[in-house]
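The lines below spell out each chain.
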Amino acid sequence: MKRRLKAAARRTASNPVLRQSARSLKPTPNLWGILGVLLFFILPEILGFWRGKEIAAWAHARMLEEPDAMGRKLYWLLEKLFEDGGSWVNLGIGIALLIWIFYEWRRGTV
């Protein structure tokens, strides 16, 4: 069993398609990469910790008043995203990505 698992891990690590897709997930160490991490990982979590309950209450009230079904679904989703506040996991991922970007920038690799 261990041999099969090691062989599968070796095949996966040497797969060029998988390597390219993993490389494409890495944010670029430039202004757009930093802004992307800040705007899509860190800022929503900070807002969730700071005003999550108020945003969820506002979205719930708007959902009840919205005549369009698609609008109601959008407000329902917004309510579910912010009802528990922020996520330490997502905030940690965002901070780790920022550290990774700065590490790559200092190393000089793009």
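Scroll up to find the structure.
All of the points below concern the structure found in this document. (Residues numbered from 1 in each chain as written. Predicted model: local features only at pLDDT ≥ 70, side-chain atom pairs only at ≥ 80, totals over all residues. Heavy atoms only, no water.)

## Considerations on helix α4 (residues 69-82)
Line of reasoning, step 1. For α4, built from 14 residues, the straight-helix expectation of 20 Å at 1.5 Å per residue is met to within 8% by its first-to-last C-alpha distance of 20 Å.
Line of reasoning, step 2. By the burial criterion, the buried members of α4 are Gly 71, Tyr 75, Glu 79 and Phe 82. For α4, the angular spread of the buried residues around the axis is 80°, confining them to a single face. Of the residues in α4, the exposed ones pointing more than 90 degrees away from the buried face are Met 70, Lys 73 and Leu 81.
Line of reasoning, step 3. Here the buried face of α4 lies against α3 (31-65). (Helix = DSSP H or I, 4+ residues; strand = E, 2+ residues; numbered from the N terminus. Expected span 1.5 Å × (residues − 1). Buried < 20%, exposed > 50% of the residue type's maximum accessible area, 1.4 Å probe, protein only. Arc of directions from axis to C-beta. Contact = heavy atoms within 4.5 Å.)

## Concerning the nonpolar core
For soluble globular proteins, nonpolar side chains are generally found buried alongside one another.
Line of reasoning, step 1. Val 37, Ile 42, Leu 91, Leu 97, Leu 98 and Ile 101 form the largest nonpolar core, which has six residues in total.
Line of reasoning, step 2. Once residues within four sequence positions are removed from consideration, Leu 91 is found in contact with Ile 42, Glu 45, Ile 46 and Phe 49. (Core = buried A, V, L, I, M, F, W, Y, C linked by side-chain atoms within 4.5 Å.)

## Considering the packing of aromatic side chains
Line of reasoning, step 1. In the structure shown here, the tally under the stated rule is two aromatic pairs.
Line of reasoning, step 2. Considering the side-chain rings of Phe 49 and Trp 88, the 4.6 Å spacing of their centres and the 40° angle between planes classify their relative orientation as tilted. In this pair, Phe 49 is assigned in helix α3 and Trp 88 in helix α5 (residues 88-107), connecting sequence segments 39 residues apart.
Line of reasoning, step 3. Looking at Trp 88, the relative accessible area reads 66%, which means it is exposed.
Line of reasoning, step 4. When the centroid spacing of 5.7 Å and the interplanar angle of 85° are considered together, the rings of Trp 58 and Tyr 75 count as edge-to-face. Placement of Trp 58 in helix α3 and of Tyr 75 in helix α4 is noted, with a sequence separation of 17 residues between them.
Line of reasoning, step 5. Take Trp 58: its relative accessible area is 46%, and that puts it in the partly exposed class. (Phe/Tyr/Trp six-rings, centres within 6.5 Å; stacked < 30°, edge-to-face > 60°.)

## Focus: helix α1 (residues 2-13)
Line of reasoning, step 1. The end-to-end C-alpha distance of α1, which contains 12 residues, comes to 16 Å, matching closely the 16 Å that a straight helix rising 1.5 Å per residue would cover.
Line of reasoning, step 2. When you tally the buried positions in α1, you get zero out of 12 residues, a small fraction of the element.

Any link to function would need more than the numbers given here.
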